[in-house]
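If you want the building blocks of each chain, they are given just below.
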2 protein chains.
Amino acid sequence: MRALCWDGEQLTLAEDRPAPDPAGLPAGWARLRVRMAGVCSTDLEILRGYMGFTGVPGHELVGEVEAVAPGGDERLLGQRVACEINFACGACPTCRRGLGRHCPTRSVLGILDQDGCFADYVAAPVVNLRAVPDEVSDRQATFTEPLAAAHEILEQVHVQPGSRALVLGDGKLGLLCALTLHAAGAEVTAIGKHPRKLAILERAGLHTRPLAEARGQLTAARDHDLVVEATGSTAGLELAMGAVRPRGTLVLKSTVADSHSLSLAPLVIDEVTVVGSRCGPFGAALSALARGAVDPEPLIDAVYPLSRGLEAIEHARRPGALKILLDPLAE
Amino acid sequence: MRALCWDGEQLTLAEDRPAPDPAGLPAGWARLRVRMAGVCSTDLEILRGYMGFTGVPGHELVGEVEAVAPGGDERLLGQRVACEINFACGACPTCRRGLGRHCPTRSVLGILDQDGCFADYVAAPVVNLRAVPDEVSDRQATFTEPLAAAHEILEQVHVQPGSRALVLGDGKLGLLCALTLHAAGAEVTAIGKHPRKLAILERAGLHTRPLAEARGQLTAARDHDLVVEATGSTAGLELAMGAVRPRGTLVLKSTVADSHSLSLAPLVIDEVTVVGSRCGPFGAALSALARGAVDPEPLIDAVYPLSRGLEAIEHARRPGALKILLDPLAE
């Protein structure tokens, strides 16, 4: 099969990567025909060495279940599915607590010890697959994973209708978080650097403000119930801490590996709750897509056939680029 | 009246500090005869310049209501009371939200723009006073404020019975947090440096471990539902982050003003919730004292008459000292 392959130094388009063998699948696993895949900022980080990953990257996809391992659950055969990316052991104390997404021995699709979906085919445990409702297009369904990450906020924080929410960062995840909180009834203001991206939110009925203009005023007011830090920069945290109200909630969505250097005393004095937030519930995301609560279509910048995958990655790397999709079925 | 006075450079025992004048009290205020006061680590910080405070320090007390401003609520006259330390405006959006302890224009007893209780008399708003139940001694009642701070954890975090809690730091606040969580039904392990202090917890039925022995093992296990950081040092946060389980909760009780230098990415990856926690509910603390759920008596190292106040402060400064009380009624 065709696959984008990362050897730790170079990304190439292989034409003859062995596809997952239906007969050789581990018990409980399935083989998917990839219908469409999305390029995430994490993929670009991986291509800079993040996680020390080698193999086929890619973890946002919609696929069709083509085969399951002998004796496995066949109910999803032939169906379109999204795939939860954390492959958990299912047996450890963390899994038994219902926190499989945090299983300490998990592999992660296209990120940790598991070939991903920038390919014609991909293998995954059947328990990780979620049927995509008919009303959700392939283009929309590739957003299930990042939209689930945005919905993780709603799983972790009680967002009250009418609460004042601030989203810092207008990258793809920031936009999806803003749209998700808006759909949940919060009064959302989004802060970013890119007029083109903020315009997407404006058209969806959200308030937005350019970062340069907002900075001083946010800190002066300190009146946001909820602040989502999705800038991906260390400077974002300080801005977020300045904008949240006493006893408010600050959600961290950026896995900024760089060290922060700041005093956390303001968090204690103002009794702020800081919530680290990562992967989220696929069911909630698919439901939001199916009922049109969040429409990710305006976030799509381009769709490339898999044969032009290297070009697609280059496009995704351009400053300000939004979602780039890969279509293995197109020519 | 007598009062310990801090002029920004020196602490002295004044003999002729004007006492609050009952006739000149602001509307809604009361004058208290101080029955007993406690020396807190924050007081020692103030005597090193913290908050830029000058005047009479001291914010932990039990007193008797001697007079109220004309036309004020007289129901507490003659009663023993504890005093909530945040004097809020009562009218701003923060106060109207029920968060008077975070009022942006608040003064704070003995800490910010308000003379404190290391004196014969002190003035405070009647709305800040809480009657002390008869079964609570003066010695115990001086712990109401720090015990309320410990109970703030229960107000902010849902501590489930049997949950695994870890308290880092065996200072006074750390001990009270450990005792409070134990009384709430958590399985508490406390980590500290002082065998004498840990022994207090052992006698109360808690598990304890010396820091030197625990360090590596905590990080290896990462299995605590709740970790309370009460060390007062920047190193504590890193240890706390290593000991909390995925999706667990980390309570920050130290207002460490020093800058941390560390990556917060682990908080995001493990979806940890960090809760800044400061002042707490006096009612809950008084109730815990009244029903004997928490007994602070073993934390008392010495009681000094107010006339020996300077000596008392010196005692409180000794490494490893626990609670020092000031008794203005003694000679």
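That block above? That's the structure.
Please read all numbers here as calculations on a predicted model, not as lab measurements.

In this section: the pattern of salt bridges. Taken as a whole and judged by the stated rule, the model has 50 salt bridges over all chains. Here A:Asp301 and A:Arg196 are joined by a salt bridge, their closest N and O atoms 3.0 Å apart. With a gap of 105 residues between them, A:Asp301 in strand E17 (residues 300–305) and A:Arg196 in helix H6 (residues 195–203) connect regions that are remote in the sequence. Classification of A:Arg196 as partly exposed rests on a relative accessible area of 44%. For B:Glu297, the salt bridge goes to B:Arg139, with nearest N and O atoms at 2.8 Å. Highlighted residues: B:Glu297 in the loop between helix H10 (282–290) and strand E17 (300–305) and B:Arg139 in helix H3 (residues 138–141), separated in sequence by 158 residues.

So, on to helix H8 (residues 234–243) of chain A. Residue and element names in this part refer to chain A. Burial of H8 is extensive: seven of the ten residues sit out of reach of the surface. Among the residues of H8, those classed as buried are Gly236, Leu237, Leu239, Ala240, Met241, Gly242 and Ala243. Close packing links the buried residues of H8 with strand E10 (164–168), helix H7 (211–221), strand E13 (224–229), strand E14 (244–252), strand E15 (260–262) and helix H9 (265–269).

Attention now goes to the sheet that holds strand E11 (residues 187–192) of chain B. As summarised here, the arrangement of the twelve strands in space is E12(A)-E11(A)-E10(A)-E13(A)-E14(A)-E16(A)-E16(B)-E14(B)-E13(B)-E10(B)-E11(B)-E12(B), forming an open sheet in which the pairing is mixed. Where the open sheet ends on each side, the last strands, each with one partner, are strand E12 (207–210) of chain A together with strand E12 (207–210) of chain B. With strand direction ignored, the average angle separating the axes of adjacent strands in the sheet is 20 degrees. Both E10(A) and strand E11 (residues 187–192) of chain A contribute to a ladder of five bridges, which runs parallel. The residue of E11(A) that forms the bridge with A:Ala165 is A:Val188. Packing of H7(A) onto the sheet brings it into contact with E10, E11, E12 and E13 of chain A, and relative to E12(A) it is tilted by some 100 degrees. Together, E10, E13 and E14 of chain A form the strand contacts of H8(A), whose direction differs from that of E14(A) by roughly 150 degrees.

On to the relation of the copies chain A and chain B. Turning chain A through 180 degrees and shifting it by 0.0 Å along the axis lays it on chain B, with an RMSD of 0.0 Å. Between the two chains, the operation in question is that of a two-fold axis. An overlap of 100% is found between the interface residues of chain A and their copies at the interface of chain B, pointing to a shared contact surface.

Bringing the pairing of strand E13 (residues 224–229) of chain B into the picture now. Residues and elements named next belong to chain B. Burial analysis of E13 places six of its six residues in the buried class, the great majority of the element. For strand E10 (residues 164–168) and E13, the ladder comprises four bridges, and the chain directions are parallel. Following the sheet pairing, Val167 is matched in E13 by Val228. The pairing of E13 with strand E14 (residues 244–252) spans five bridges and is classified as parallel. Note that in E14 the partner of Val228 across the bridge is Val251.

Two quantities define a packed helix pair, namely the angle between the axes and the distance from one axis to the other. All names here are of chain B. Look at helix H4 (residues 144–156) against H10: their axes get within 8 Å of each other, and the N-to-C directions meet at 110 degrees. The angle between H4 and H10 falls in the class roughly perpendicular. Here Thr144, Glu145, Leu147, Ala148 and His151 of H4 lie close against H10, whose contacting residues are Phe282, Ala284, Ala285, Leu286, Ala288 and Leu289. Looking at side-chain class alone, the contact of H4 with H10 contains eight nonpolar, two polar and one charged residues.

In this section: the pairing of strand E16 (residues 273–276) of chain A. The alternating pattern of E16(A) places A:Thr273 and A:Val275 and A:Val274 and A:Gly276 on opposite faces, both of which are buried. Of the pairings in the sheet, the one linking E14(A) to E16(A) comprises four bridges and is parallel in character. Residue pairing for E16(A): A:Val251 is matched across the bridge by A:Val275. Two strands pair when backbone bridges link them, and E16(A) and strand E16 (residues 273–276) of chain B are joined in this way by three bridges, in the antiparallel orientation. Looking at the pairing, A:Thr273 lines up with B:Val275 of E16(B).

This part is about the side chain of A:Arg245. As for its position among the elements, A:Arg245 is in strand E14. Reaching out from A:Arg245, the side chain makes a polar contact with the side chain of A:Asp225 at a distance of 2.6 Å. Once you skip the residues sitting within four places of it in the chain, A:Arg245 turns out to touch A:Arg222, A:Asp223, A:His224, A:Asp225, A:Val272, B:Arg97 and B:Leu99.

With that settled, consider the packing of aromatic side chains. With the rule as written, the count across this model stands at two aromatic pairs over all chains. Taking the centre distance of 5.4 Å and the plane angle of 90 degrees together, the rings of A:Trp29 and A:Phe87 count as edge-to-face. Taken together, the positions of A:Trp29 in strand E3 (residues 29–39) and A:Phe87 in strand E6 (residues 86–87) put the pair 58 residues apart, joining distant regions of the chain. As far as the burial class goes, A:Trp29 and A:Phe87 line up, both buried. Looking at A:Arg31, its charged tip hangs above the ring of A:Tyr121, at a distance of 4.0 Å from the centre. Sitting over the ring of B:Tyr121, B:Arg33 keeps its end group 5.0 Å from the ring centre.

Definitions and cut-offs
Residues numbered from 1 in each chain as written. Chains lettered and ligands numbered in written order. Predicted model: local features only at pLDDT ≥ 70, side-chain atom pairs only at ≥ 80, totals over all residues. Heavy atoms only, no water. Salt bridge = Lys/Arg side-chain N within 4 Å of Asp/Glu carboxyl O. Helix = DSSP H or I, 4+ residues; strand = E, 2+ residues; numbered from the N terminus. Buried < 20%, exposed > 50% of the residue type's maximum accessible area, 1.4 Å probe, protein only. Contact = heavy atoms within 4.5 Å. Pairing = 2+ DSSP bridges. Axes fitted to C-alpha atoms, helices over the stretch in contact; angles between N-to-C directions. Least-squares fit on C-alpha atoms with pLDDT ≥ 70 in both. Parallel < 35°, antiparallel > 145°, perpendicular 65-115°, else oblique. Nonpolar A, V, L, I, M, F, W, Y, C, P; charged D, E, K, R; others polar. Polar contact = N/O pair within 3.5 Å; in protein donor to acceptor, adjacent residues only side chain to side chain. Phe/Tyr/Trp six-rings, centres within 6.5 Å; stacked < 30°, edge-to-face > 60°. Lys NZ or Arg CZ within 6 Å of the ring centre and 35° of its normal.

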